[in-house]
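Structural characterization, general
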Amino acid sequence: MQVFFNNEFVEDDKVHISPFDRGFQFADGIYEVIRYYPRNFFELDAHLKRLKYGLTELGITFSNVESIEAILAELISRNNLSDKTAIAYIQITRGTQRPRKHSYNNEVVPTFFAYVEELPINYDAMNNGVKIGIEQDIRWHRCDIKTIALLPNVLSKQRAVQKNLFEIIWHRDGVITEGVQTNVAFIKDDVVYTPLLNNLILPGITRQTVLRLCRSLGIQTSEREIHLDELKNFNEIFLMSTTAEITPVVEIHGAIVGKGVPGKVSKYLQKQFQKLH
Ligand code: PDD
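Residues numbered from 1 in each chain as written. Predicted model: local features only at pLDDT ≥ 70, side-chain atom pairs only at ≥ 80, totals over all residues. Heavy atoms only, no water.

Here we look at the site of the ligand
With respect to spatial proximity, 18 residues lie near the ligand, and among them Arg50, Glu178, Ile205, Thr206 and Thr242 are the closest. At a separation of 2.7 Å, a nitrogen atom of the ligand approaches a polar side-chain atom of Glu178. If the ligand stood free it would expose 470 Å²; the protein chains cover 93% of that surface. Judged by the proximity of its atoms to the pocket grid, the ligand belongs to the largest pocket. (Near = heavy atom within 4 Å. Polar contact = N/O pair within 3.5 Å; in protein donor to acceptor, adjacent residues only side chain to side chain. Areas by Shrake-Rupley, 256 points an atom, 1.4 Å probe, with all protein chains shown as cover. 1 Å grid on protein atoms, 1.4 Å probe; cavity = no way out; pocket = protein on both sides within 12 Å on 5 of 7 lines; lining within 4 Å. Sits in = over half its atoms within 2 Å of the grid points.)

The following block contains the structure:
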C-alpha cells in the first residue's frame, strides 16, 4: 500500500519511525479519520479545521495543512480506490526528540503520516440497529482534542467486543458524554437531543452534519445535558460518526430501546444523510 510519510509517498513497509518519536513515547499527537465516498472526501474542510484546532491547542507547529487535500487525493489514486468507499487516516505527532523528556523544544519537526484504506459502509449495523453498553467516562478533561492518547477508548471498546456490543457510551457522574468512537443522540416526540459541546466531548463532524440536516428538514433539535436516569424516556437512540454514519441503537445496557427495532426518525435521518454523499 502506498502511504504518505513526512514529505513523500512510499510503500507502507518502507516507513521508519524513531522510537524517540513523541507520539510513541508520550501519545503526543493528533489524528483525523475522514470518509471518502466515490469521488469526494466528505466534509473535508470541517475535518481539517478540527485538525488545525487540535494542533493549536497542543502547540504543534505544522504549517502544511493546506497540502493535505492534494495528498489524500493522490493516495486514493495511487491505491486504486477512486470508485470505492474508503477512509483516510491522518496522524501528526510533535516529532522526534531526544533525550526523552516531558517538556518539548519548539524546534522539533512534526511527524506526518497519512494513508487511505477501503472501508465499506456497515449496512448490517445501520439497517438492523446495534446493542450498546454504558460505562463511566474516565478520560481526561480535554476530549475536545482528537489526540492519539486513546487508552480509555481501547479498553472500553475491548469490553464492548467481549460482550458482543457495537459500542460503549460514557457518562460522567450521570451525565452522558459520548461513545468510544461516536457521538450519541436521543429522540423523544420527534425532537433530537444530543449532549452539548464542551471540553468533555469531541465536536464530531457527523454530529454537526446531522444537526444541520435536522434543521434543514424541520426536525427540532436540542443540545443539552442528558442524564442517565432519563434514558428510559427516549423512544429512539442513534450513534453518529465518520465510519458509522447514523447507526440506530436497539438495546442499551440490556434495556430495549423503543420497539427494539430502528426507529422512524433515525431511519429517515439515515436516508437523508446518505443523500449528502
Ligand atoms: N472516531 N467521539 C469520539 C471519541 C470519536 O473518536 C469520534 C470519531 C467521534 C465522531 O466524530 P466524527 O463524526 O468526526 O467522526 C466522536 C473516529 C472515526 C475513529 O476513532 O475512528
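Remarks on the nonpolar core
Buried together is how nonpolar side chains tend to be arranged in soluble globular proteins. Among the nonpolar cores identified, the biggest contains 27 residues, and Phe41, Leu51, Ile68, Leu72, Ile90, Ile92 and Phe112 are the most heavily contacted of them. Mapped onto this core, the elements with two or more residues apiece are strand 3 (29-37), helix 2 (44-58), helix 3 (68-78), strand 5 (86-93) and strand 6 (111-118). For Leu51, the contacting residues outside a window of four places in its chain are Ile30, Tyr31, Glu32, Val65, Ile68, Ile90 and Ile92. Counting residues in each nonpolar core, the second largest holds 18 residues, with Ile134, Phe186, Tyr193 and Ile252 among its members. (Core = buried A, V, L, I, M, F, W, Y, C linked by side-chain atoms within 4.5 Å. Buried < 20%, exposed > 50% of the residue type's maximum accessible area, 1.4 Å probe, protein only. Helix = DSSP H or I, 4+ residues; strand = E, 2+ residues; numbered from the N terminus. Contact = heavy atoms within 4.5 Å.)

Notes on helix 5 (residues 151-162)
Think of an α-helix as 3.6 residues a turn; residues three or four steps apart then line up on the same face. The terminal C-alpha atoms of helix 5 lie 17 Å apart, and with 12 residues this matches the ideal 16 Å at 1.5 Å per residue to within 8%. Along helix 5, the positions that sit buried rather than exposed are Asn153, Ser156, Lys157 and Ala160. Summarising the axial view, the buried residues of helix 5 lie within an arc of 100°, below the 170-degree limit, and thus occupy one face. Exposed side chains of helix 5 directed beyond 90 degrees from the buried face belong to Leu151 and Gln162. Structurally, helix 5 contributes buried residues whose contacts are with strand 7 (130-136) and strand 8 (167-172). A positive backbone phi angle near 60° is found at Asn164, which sits one or two residues after helix 5. (Expected span 1.5 Å × (residues − 1). Arc of directions from axis to C-beta.)

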